[in-house]
Amino acid sequence: MISAVMPTYARADLAFERGEGCWLESVDGRRYLDFGSGVAVNALGHTHPRLVAALTAQAQKLWHCSNLYRVPGQERVAARLVEASFADTAFFCNSGAEAMECAIKMVRKYHDASGTPERYRCITVEGAFHGRTLATIAAGGQEKHLKGFDPVVDGFDQVPFGNMNALRAAITGQTAAIIVEPVQGEGGIRPAETDYLKKLRLAADEFGLLLVFDEVQCGMGRTGSLFAYQQAGVAPDIMALAKGLGGGFPIGACLASERAAQGMTAGTHGSTFGGNPLAMAVAETVLDVMLEPGFLQEVARKGALLHDRLCLLVERHPSSLLSARGLGLMQGLVCKRPNGDIAEACYAQGLLTVLAGDNVLRILPPLIVTDEEILEGSAKLEAAIAALESRGA
Ligand SMILES: Cc1ncc(COP(=O)(O)O)c(C=O)c1O
């Protein structure tokens, strides 16, 4: 018999009751160090006092009022995002997939408004993940996500990640945009080379294409800068955000330059819930915390510490681990044994991690993680691997 909750996930048999900082407590009273952050969502950990205060204060005043009216919180958050990025404008929605849908629609509208409506195709890269709507699974191009959902939404051409020759060869008179994650998340924590991102910008400019960065996972401080693209010094025309922006409250945002958003006039796009007062109260506070002096530098420093610990594990456990890679607190261990076995062994040590493609184990602690927690998490990881090795598994 089908479960009451539709069985679209292969869930671990764990349920949590409460969380504080980097720690979660399960319904049976066990404590877990959360190095998954709800897949890069709980950027400020669990029940951060300032987020709790912002959400409860807003909950006393107004939850929802509709985008038929001005939402002052949206105006403030949009202004902050614009000031902190390449963008001139922001659209608010509720998830990463919706932010990417907005990006894809904006690309088509831009070319329509520019008098080149025949340009509607987006070039995407292998290993990409952009969400689970019909358009975003087509953009991601992964067989396992597309299977059974034919017909595939038209308008996406995929090339190998990091290969400029293949990308340039795929550009035609119908190409509208290039879409990439500056650091692939679901694909296996694969950071794009700076040179590759620079060349994408050059190609986009040369052929009149829009450059779209999906920073749903790698954005909002995760890599040690507010946005990953800032480390490469390459600005996109459009950028999708979600996850960390709400610190656990569902929110998405699609940022764009004025030029890229030229077609997005009244009536072209919308969302009932997008950017409601509750979401905006939380996002504003997330930005307050992340933009405090020193916060992002600390993420970068702690990311380097975590990376060093992971490299040490690779050295000590060559039969289980191949390499460590990532940027800031977005780290991955390329495994030699099934990543699922290691994640499972981590549960037994009270540590949560997340699986990714390329047999990678994602290590995504909250950005507020302490040095001691990084050392404790690394020790738990090592204990999990050692337990597997001693079993001869
Ligand atoms: C890079 C990227 N884009 C888009 C998405 C989709 O976000 P959501 O699950 O909020 O729709 C994800 C989710 O993991 C992601 O990592």
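Residues numbered from 1 in each chain as written. Predicted model: local features only at pLDDT ≥ 70, side-chain atom pairs only at ≥ 80, totals over all residues. Heavy atoms only, no water.

**Things to note about the packing of aromatic side chains**
As enumerated under the stated definition, the model contains four aromatic pairs in all. Here the aromatic rings of Phe 16 and Tyr 32 are separated by 5.5 Å at their centres, their planes lie at 85 degrees, and the arrangement is edge-to-face. Of the two residues, Phe 16 is situated in strand S1 (residues 16–20) and Tyr 32 in strand S3 (residues 31–34); the sequence distance between them amounts to 16 residues. The class of Phe 16 is partly exposed, set by a relative accessible area of 34%. Relative to Tyr 229, the ring of Phe 227 lies with its centre 5.9 Å away and its plane at 5 degrees, an arrangement referred to as stacked. The pair formed by Phe 227 and Tyr 229 is uniform in burial state, with each residue classed as buried. A network of ring pairs unites the aromatic residues Phe 86, Phe 227 and Tyr 229 as a single cluster. (Phe/Tyr/Trp six-rings, centres within 6.5 Å; stacked < 30°, edge-to-face > 60°. Helix = DSSP H or I, 4+ residues; strand = E, 2+ residues; numbered from the N terminus. Buried < 20%, exposed > 50% of the residue type's maximum accessible area, 1.4 Å probe, protein only.)

**Points about the domain arrangement of the protein chain**
For the protein chain, the domain assignment lists domain 1 (16–34 + 294–391) and domain 2 (50–290). A C-alpha centroid distance of 27 Å is found between domain 1 and domain 2. The partner domain 2 presents 21 residues to the 21 residues of domain 1 that form the contact. A combined buried area of about 1,600 Å² lies between domain 1 and domain 2, and 65% of that area is made up of carbon and sulfur atoms. (Domains from an automatic or database assignment. Contact = heavy atoms within 4.5 Å. Buried area = accessible area lost by both parts, 1.4 Å probe.)

**Considering helix H11 (residues 295–316)**
With 22 residues, H11 extends 32 Å from end C-alpha to end C-alpha; this agrees with the ideal 32 Å at 1.5 Å per step. Every buried residue belonging to H11 is among Phe 295, Leu 296, Val 299, Lys 302, Gly 303, Leu 306, Leu 310, Leu 313 and Val 314, and all of these are buried. Buried residues along H11 cover an arc of 130 degrees about the axis, so they all sit on one side. Away from the buried face of H11 by more than 90 degrees, exposed residues Gln 297, Asp 308 and Glu 315 are located. Tucked into the core, H11 has its buried residues touching helix H10 (277–290), strand S13 (321–327), strand S14 (330–335), strand S17 (360–363) and helix H13 (371–390). (Expected span 1.5 Å × (residues − 1). Arc of directions from axis to C-beta.)

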